[in-house]
Amino acid sequence: IAPDHVLPAPDEIYVYSPLGTAFKVDSCTDGYGKNSSLVTIFMIWNTMMGTSILSIPWGIKQAGFTSGIILILLMGILTLYCCYRVVKSRQMISLTDTSNWEFPDVCKYYFGSFGQWSSLLFSMVSLVGAMVVYWVLMSNFLFNTGKFIYNFVHDINVTDIVPGTNGSNKVICPSAAGDYSPQNRSVMFSSGNRTGFELFEEWWDKSQTVPFYLIAVLLPLLNLKSPSFFAKFNVLGTVSVVYLVFLVTVKAAHLGIHLEFNWFTENEFFVPEFRILFPQLTGVLTLAFFIHNCVITLLQNNSNQENNVRDLSIAYFLVGLTYLYVGVIIFASFPSPPLSKECIEQNFLDNFPSDDIMSFVARIFLLFQMMTVYPLLGYLARVQLLRQFFGNAYPSLFHVLILNLAIVGAGVAMARFYPNIGGIIRYSGATCGLAFVFVYPSLIYMISLHRAGQLTWPALIIHIFIILLGLANLIAQFLL
């Protein structure tokens with residue numbers, strides 16, 4: 001039996017949003033919280049806002065500029081409504097005390113053991129998907145940071161063999177390099193030691209070596225019994241997002257606006273306003289607007305419970321505004337010509353060379369933030385899975401190590417063979433979003449109305465349509 005200090009205390013509740021943040025919140029022993037509406041709005045914004053912001057410009061490119069903007073607005077409204085249904089789901093259960101329930105408890109109430117196990121499955125998909133994306137991004141940021149530091153220390157001027165713009169605000173197109181991947185192939189102009197440089201490039205490779213180096217740092221952290229130390233760094237998530245907005249604004253000011261409206265035809269430098277690939281953006285947005293698994297806990301800490309719906313709506317509006325700003329500004333300012341809009345990467349920071357100072361600072365911020373959030377996500381995965389199977393969050397070091405090796409192995413494999421964060425985000429987003437965003441909130445609402453004898457045809461048709469949208473969103477990810 002694990003000692004008491006292994007298990008989280010009753011008041012240690014950790015909430016997370018995939019690709020957002022994970023942090024500790026205080027439980028509400030007296031039935032309501034003590035946070036003001038302003039703090040509640042900020043907490044929801046901070047929890048939802050995460051690294052998915054890096055893929056929004058790519059998603060807009062895949063959907064087309066006009067349809068991308070429309071989809072961000074529509075997905076924001078749709079996910080907000082489904083989140084509203086989650087918040088109200090407990091109130092529709094009578095004769096039972098639901099004050100300490102979260103949404104998976106509601107699913108268990110309505111669907112029995114199927115609801116309990118399926119919510120666990122989809123929750124694990126979202127958690128492990130987030131941890132895989134984190135590993136891919138941490139490998140990327142660590143690689144570029146190490147490359148910048150090595151070149152700076154050794155006074156090496158490196159020019160990547162990739163198309164790009166000239167001048168002080170250089171933008172590159174890694175995807176156009178073809179077989180000459182921008183990871184390590186460079187032309188060096190230096191008085192330094194060429195042999196040492198080549199050795200560095202051999203041992204410091206974005207996909208071949210760097211993902212493995214992270215194991216030495218992160219695997220021991222995953223095995224810690226309590227992650228409470230890392231919860232103290234949650235403010236880094238806010239700093240990172242604010243800095244990214246600042247970076248985007250400065251870059252756009254220097255690069256200017258480059259837009260041309262071609263409604264359905266594509267040319268050398270611009271993409272159509274409407275593209276058949278738009279489900280790739282909806283998949284990303286499903287995860288970008290995902291907070292349904294912990295929204296009840298966050299709102300329970302609001303001292304003004306009557307303002308919950310208003311505060312949730314304001315938070316969603318601010319999140320959507322942030323995504324729109326970053327996505328639209330990066331897409332509009334991307335220098336076309338000479339580069340095509342197709343060059344916008346799944347992580348837009350990859351469009352800036354490793355020696356770009358502002359991008360270097362952003363990568364440092366994000367790398368450190370992710371290294372503090374990653375153990376929290378691993379802890380949540382451990383608590384959800386091991387407690388379900390063994391009744392204990394820390395049955396033994398062996399159990400925990402096996403679970404963590406599996407999670408880390410998935411991250412390393414993806415960073416090695418499929419380092420496409422946009423693809424990973426949309427697949428995991430559409431999968432866990434099908435359950436938590438589209439199906440369960442709508443089904444629970446229809447069942448509760450039916451039991452109360454209040455289910456009408458319009459309500460039935462609307463919510464079946466929402467479920468079908470979620471299913472179509474998931475299927476489309478595998479067809480496009």
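For the protein, an unreviewed UniProt entry supplies the name Neutral amino acid transporter 9 and the organism Phainopepla nitens. If you open the UniProt record of the protein and go to Sequence similarities (unreviewed entry), you find "Belongs to the amino acid/polyamine transporter 2 family. SLC38A9 subfamily."

### As for empty space enclosed by the protein
Enumeration according to the criterion identifies three cavities of 30 Å³ or more in this entry. Taken as a whole, the largest cavity holds about 80 Å³ of empty space. For the largest cavity, the full set of lining residues is V171, V248, K251, A252, L255, I330, S333, F334, P335, F348, N351 and F352. Of all elements in the fold, only α8 (235–255) and α11 (308–333) reach the threshold of two or more residues within the lining of the largest cavity. Counting residues per element, the lining of the largest cavity draws most heavily on α8, which supplies four residues. Looking at the lining of the largest cavity residue by residue, the class counts come to nine nonpolar, two polar and one charged.

### Points about the packing of α8 against α11
Direction vectors running N to C along α8 and α11 enclose 30°, while the axes themselves pass 9 Å from each other. Our classification of the angle between α8 and α11 gives roughly parallel. Crossing handedness for the pair α8 and α11: left-handed. Residues V241, V245, V248, T249, A252 and L255 of α8 form the contact with α11, whose own contacting residues are T322, Y325, V326, I329, I330 and S333. The class makeup of the residues in the contact of α8 with α11 is nine nonpolar, three polar and no charged.

### Quick word on a nonpolar patch on the surface
Judged by side-chain polarity, I70, L74, I77, I257, L259, F261, W263, F264 and F274 come together as a nonpolar surface patch covering roughly 940 Å² of accessible area. L259 gets classed as partly exposed once you look at its relative accessible area, which sits at 34%.

### Regarding unusual backbone geometry
Cis geometry marks the peptide bond from S336 to P337; its omega dihedral reads -15°. Position of P337 relative to the elements: it lies in the loop between α11 and α12 (357–390). Note that the residue after P337, namely P338, is joined by a cis bond; omega there is 10°. By the secondary structure assignment, P338 is in the loop between α11 and α12. Positioned with a positive phi, L95 is a non-glycine residue whose angle comes to about 65°. Counting through the fold element by element, L95 comes out in the loop between α3 (65–89) and α4 (103–153). Note on L95: relative accessible area 89%, which makes it exposed.

### Structural notes on the side chain of S55
You can see S55 is positioned in the loop between α1 (37–48) and α2 (56–63). Within the local environment of S55, its side chain forms a polar contact with the backbone oxygen of Q346, the two atoms lying 2.8 Å apart. What S55 contacts, discounting residues up to four positions off in sequence, is V284, Q346, I421, G422 and I425.

What counts, and where the lines are drawn
Residues numbered from 1 in each chain as written. Predicted model: local features only at pLDDT ≥ 70, side-chain atom pairs only at ≥ 80, totals over all residues. Heavy atoms only, no water. UniProt positions renumbered as here; feature names shortened; annotations may be inferred. 1 Å grid on protein atoms, 1.4 Å probe; cavity = no way out; pocket = protein on both sides within 12 Å on 5 of 7 lines; lining within 4 Å. Points joined across faces, edges and corners; volume = space filled by probe spheres on them. Helix = DSSP H or I, 4+ residues; strand = E, 2+ residues; numbered from the N terminus. Nonpolar A, V, L, I, M, F, W, Y, C, P; charged D, E, K, R; others polar. Axes fitted to C-alpha atoms, helices over the stretch in contact; angles between N-to-C directions. Parallel < 35°, antiparallel > 145°, perpendicular 65-115°, else oblique. Left-handed = near helix turned anticlockwise from the far one by under 90°. Contact = heavy atoms within 4.5 Å. Patch = residues over 30% accessible without salt bridge, like charges linked within 9 Å, V, L, I, M, F, W, Y side chains within 5 Å. Areas by Shrake-Rupley, 256 points an atom, 1.4 Å probe, with all protein chains shown as cover. Salt bridge = Lys/Arg side-chain N within 4 Å of Asp/Glu carboxyl O. Buried < 20%, exposed > 50% of the residue type's maximum accessible area, 1.4 Å probe, protein only. Polar contact = N/O pair within 3.5 Å; in protein donor to acceptor, adjacent residues only side chain to side chain.

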